[in-house]
Amino acid sequence: MIGELEFERPVIDLRKKITELKAITEEADVDLSAEIEKLEKRLAKLETEIYENMKPWDRVQIARHPARPTTLDYIGLLFTDFMELHGDRYYGDDEAIVAGIAKFEGRPVTVIGHQRGKDTKENLRRNFGMPHPEGYRKALRLMKQAEKFHRPIVCFIDTKGAYPGKSAEERGQSEAIARNLFEMAGLKVPVVSIVIGEGGSGGALALGVADRIHMLENSTYSVISPEGAAALLWKDSNQAKHAAETMKITAPDLKELGVIDEIIPEIKGGAHRDVEGQANHIRTALKGSLAELIRLDPKNLVNQRYAKFKKIGEYSLEKEFTRVK
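Every value quoted in this text rests on a predicted model; they were computed, and no experiment measured them.

Chemist: Can you walk me through the overall build of the chain in this structure?
Modeler: Within the chain one finds 15 helices and eight strands. Taken over C-alpha atoms, the radius of gyration comes to 22 Å for the chain, in line with the 20 Å a tight globule of 325 residues would show. Seen along its three principal axes, the alpha-carbon backbone of the chain occupies a region of about 70 × 55 × 45 Å. For the chain, the residues scored as buried account for 47% of the 325 residues in total. Residue pairs at least 24 apart in sequence account for 70% of intrachain contacts in the chain once pairs closer than 6 positions are excluded. In the form shown here, the chain has an accessible surface area of approximately 16800 Å², with 54% of it arising from carbon and sulfur atoms. Charged side chains in the chain number 50 positive and 51 negative. The centres of these two groups are separated by 6 Å.

This is the structure:
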């Protein structure tokens, strides 16, 4: 059963009531169609009110939903002939990152993404989607391979952050992330990154230096989690809801700030409500971006990528004054 979120409670209760009335109609042979129709209209209106006016913390909850589709879910729906490749050729394989070659709309591509689990056993196996250095080195190995064979790269971002444990630090976690940032900036093939869940800190950015950055409507992308920010700012992680509202971590805010390029519409109630439908929205965005990027020669591609990231963080006093006025 799909998990229930607190802000969705009125919608969920109304859905249950409609289901109960339909069951009574079938079992007791009672005509309740008028009442059901009335409730369905009320439900449609309520869904619009709730899902089109979500607060940042509501989106954080959806981004963390245990049933939210993962990288492997989308790979199965968007690509054909996927062949997963393993290992970084230095230390080992990291299952918190899946990577391989596949075809998208008949075109060979390299696919890389964070992978978390959907239950305790798989989360332990995938280290809750938090990569070690070997995960990022595996990703970079495949990126360089993609460059060699002129394949576009598609990255799926979905992690709370890179694993902060002792073992990861001993094997060079910060160096591995920094190396990815450096190398991705100069890749001579198109790179498209899509934030599908949580995009946390350098662990997310290590797959995020792309020509086009797309973001699902209810995903988040930030330097730190709301809980972490609240603990630093107010010494109280219970202020996470307030932190989420001030950090500008949602897709609409990041689009306005120029951090991402496009918001991918999300199924009402979250991508977990209709995974195939959500994959179709991603397909449309990915298809459009690749069509634009593959026409560019390598030099222009790198120059545009450089210019794109150089613009992030530009601040205009005149623009700010106009906005406040």
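Chemist: When you look at the packing of helix α6 (residues 133-148) against helix α8 (residues 173-185) in this model, what are you seeing that I'm missing?
Modeler: Any two packed helices are characterised by how steeply their axes cross, that is the angle between the axes, and by the distance between the axes. Packing of α6 against α8 brings their axes to within 8 Å, and their N-to-C directions diverge by 20 degrees. Overall, the two elements α6 and α8 adopt an arrangement that is roughly parallel. In this structure, α6 meets α8 at a crossing whose hand is left-handed. For the pair α6 and α8, contact is made by Pro133, Tyr136, Arg137, Ala139, Leu140, Met143 and Lys144 and by Gln173, Glu175, Ala176, Ile177, Arg179, Asn180, Glu183 and Met184, respectively.

Chemist: Just checking my understanding: could you explain the nonpolar core for this structure?
Modeler: The nonpolar side chains of soluble globular proteins are, as a tendency, buried together. Judged by nonpolar contacts, the single largest core of 32 residues is most densely connected at Ile112, Met143, Ile153 and Tyr221. Put simply, the parts of the chain that give this core at least two residues each are β2 (97-104), α6, β4 (153-159), α8, β5 (191-200), β6 (212-216) and α12 (251-257). At six residues, the largest contribution of residues to this core is made by α6. When near neighbours in sequence (up to four residues on either side) are disregarded, Met143 contacts Ile112, Ile153, Cys155, Met184, Leu187, Ala206 and Leu207. With 24 residues, the next largest nonpolar core counts Val98, Val109, Leu286 and Leu290 among its residues.

Chemist: Would you explain the layout of surface pockets in this entry?
Modeler: Unoccupied space between atoms shows up once a probe the size of one water molecule is rolled over them. The space that makes up the second largest pocket amounts to roughly 380 Å³. Considering the residues around the second largest pocket, the lining is formed by 15 residues, among which Tyr221, Ser222, Val223, Leu254 and Val259 are closest to the centre. Listed by contribution, the elements that provide at least two residues to the lining of the second largest pocket are α9 (201-205), β7 (220-222) and α12. Element by element, the count of residues in the lining of the second largest pocket is highest for α9, at three residues. Looking at the lining of the second largest pocket residue by residue, the class counts come to 11 nonpolar, three polar and one charged.

Chemist: Please clarify how the pattern of salt bridges should be interpreted in this entry.
Modeler: Side chains that differ in charge, positive against negative, can pair when their charged atoms come close. Overall, the coordinates contain 26 salt bridges when judged by the stated rule. Across the salt bridge formed by Lys22 and Glu40, the nearest N and O atoms sit 3.3 Å from each other. Here the residue Lys22 occupies a position in helix α1 (residues 9-28), and Glu40 occupies one in helix α2 (residues 33-51), the gap between them amounting to 18 residues. The class for Glu40 is partly exposed, based on a relative accessible area of 35%.

Chemist: Looking at this structure, I do not really get the packing of aromatic side chains. What am I missing?
Modeler: The relation between two aromatic rings is expressed through the spacing of the ring centres and the mutual angle of the planes. In the structure shown here, the tally under the stated rule is four aromatic pairs. Considering the side-chain rings of Tyr74 and Phe156, the 6.2 Å spacing of their centres and the 20 degrees angle between planes classify their relative orientation as stacked. Of this pair, Tyr74 sits in helix α4 (residues 71-78) while Phe156 is found in strand β4, placing the two residues 82 residues apart along the sequence. For the pair Tyr74 and Phe156, a shared accessibility class is recorded, and that class is buried. Aromatic side chains Phe79 and Phe156 sit 6.3 Å apart centroid to centroid with 85 degrees between the ring planes, which places their arrangement in the edge-to-face category. Of the two residues, Phe79 is situated in the loop between α4 and β1 (80-84) and Phe156 in strand β4; the sequence distance between them amounts to 77 residues.

Chemist: What is the right way to read a nonpolar patch on the surface from this model?
Modeler: On the surface, Leu232, Leu233 and Trp234 cluster together to form a nonpolar patch covering roughly 330 Å² of accessible area. Position of Leu232 relative to the elements: it lies in helix α10 (residues 226-234).

Chemist: Would you mind going over the pairing of β2 with me for this structure?
Modeler: Along any regular strand the residues' side chains alternate between the sheet's two faces. In terms of residue burial, β2 counts as a mostly covered element, since six of its eight residues are buried. Where β1 lies against β2, three bridges are found, and the strand directions are antiparallel. When the sheet's bridge partners are listed, Thr80 is paired in β2 with Lys103. One ladder, built from eight bridges, connects β2 with strand β3 (residues 107-114); its direction is antiparallel. Residue Ala99 lies in a different strand from β3, and its bridge partner there is Ile112. Following β2, the chain reverses through two residues before pairing antiparallel with β3; Glu105 in that reversal takes a positive phi of roughly 55 degrees.

Chemist: Can you walk me through the side chain of Arg305 in this structure?
Modeler: Relative to the helices and strands, Arg305 is located in helix α14 (residues 298-311). Of the residues examined, Arg305 reaches a relative accessible area of 2% and is grouped as buried.

Chemist: Which parts of the structure should I look at to understand the environment of Ile282?
Modeler: Structurally, the position occupied by Ile282 is in helix α13 (residues 275-293). Once the C-alpha coordinates of Ile282 and Thr70 are considered, the two residues, 212 residues apart in sequence, prove to be 13 Å apart. Apart from residues no more than four positions distant in its own chain, Ile282 is found in contact with Tyr74, Leu78, Ile194, Leu216 and Ile264.

About the thresholds
Residues numbered from 1 in each chain as written. Predicted model: local features only at pLDDT ≥ 70, side-chain atom pairs only at ≥ 80, totals over all residues. Heavy atoms only, no water. Helix = DSSP H or I, 4+ residues; strand = E, 2+ residues; numbered from the N terminus. Rg over C-alpha atoms; globule rule 2.2 N^0.38 Å. Buried < 20%, exposed > 50% of the residue type's maximum accessible area, 1.4 Å probe, protein only. Contact = heavy atoms within 4.5 Å. Areas by Shrake-Rupley, 256 points an atom, 1.4 Å probe, with all protein chains shown as cover. Lys, Arg positive; Asp, Glu negative; His and termini not counted. Charge placed at Lys NZ, Arg CZ, Asp CG, Glu CD. Axes fitted to C-alpha atoms, helices over the stretch in contact; angles between N-to-C directions. Parallel < 35°, antiparallel > 145°, perpendicular 65-115°, else oblique. Left-handed = near helix turned anticlockwise from the far one by under 90°. Core = buried A, V, L, I, M, F, W, Y, C linked by side-chain atoms within 4.5 Å. 1 Å grid on protein atoms, 1.4 Å probe; cavity = no way out; pocket = protein on both sides within 12 Å on 5 of 7 lines; lining within 4 Å. Points joined across faces, edges and corners; volume = space filled by probe spheres on them. Nonpolar A, V, L, I, M, F, W, Y, C, P; charged D, E, K, R; others polar. Salt bridge = Lys/Arg side-chain N within 4 Å of Asp/Glu carboxyl O. Phe/Tyr/Trp six-rings, centres within 6.5 Å; stacked < 30°, edge-to-face > 60°. Patch = residues over 30% accessible without salt bridge, like charges linked within 9 Å, V, L, I, M, F, W, Y side chains within 5 Å. Pairing = 2+ DSSP bridges.

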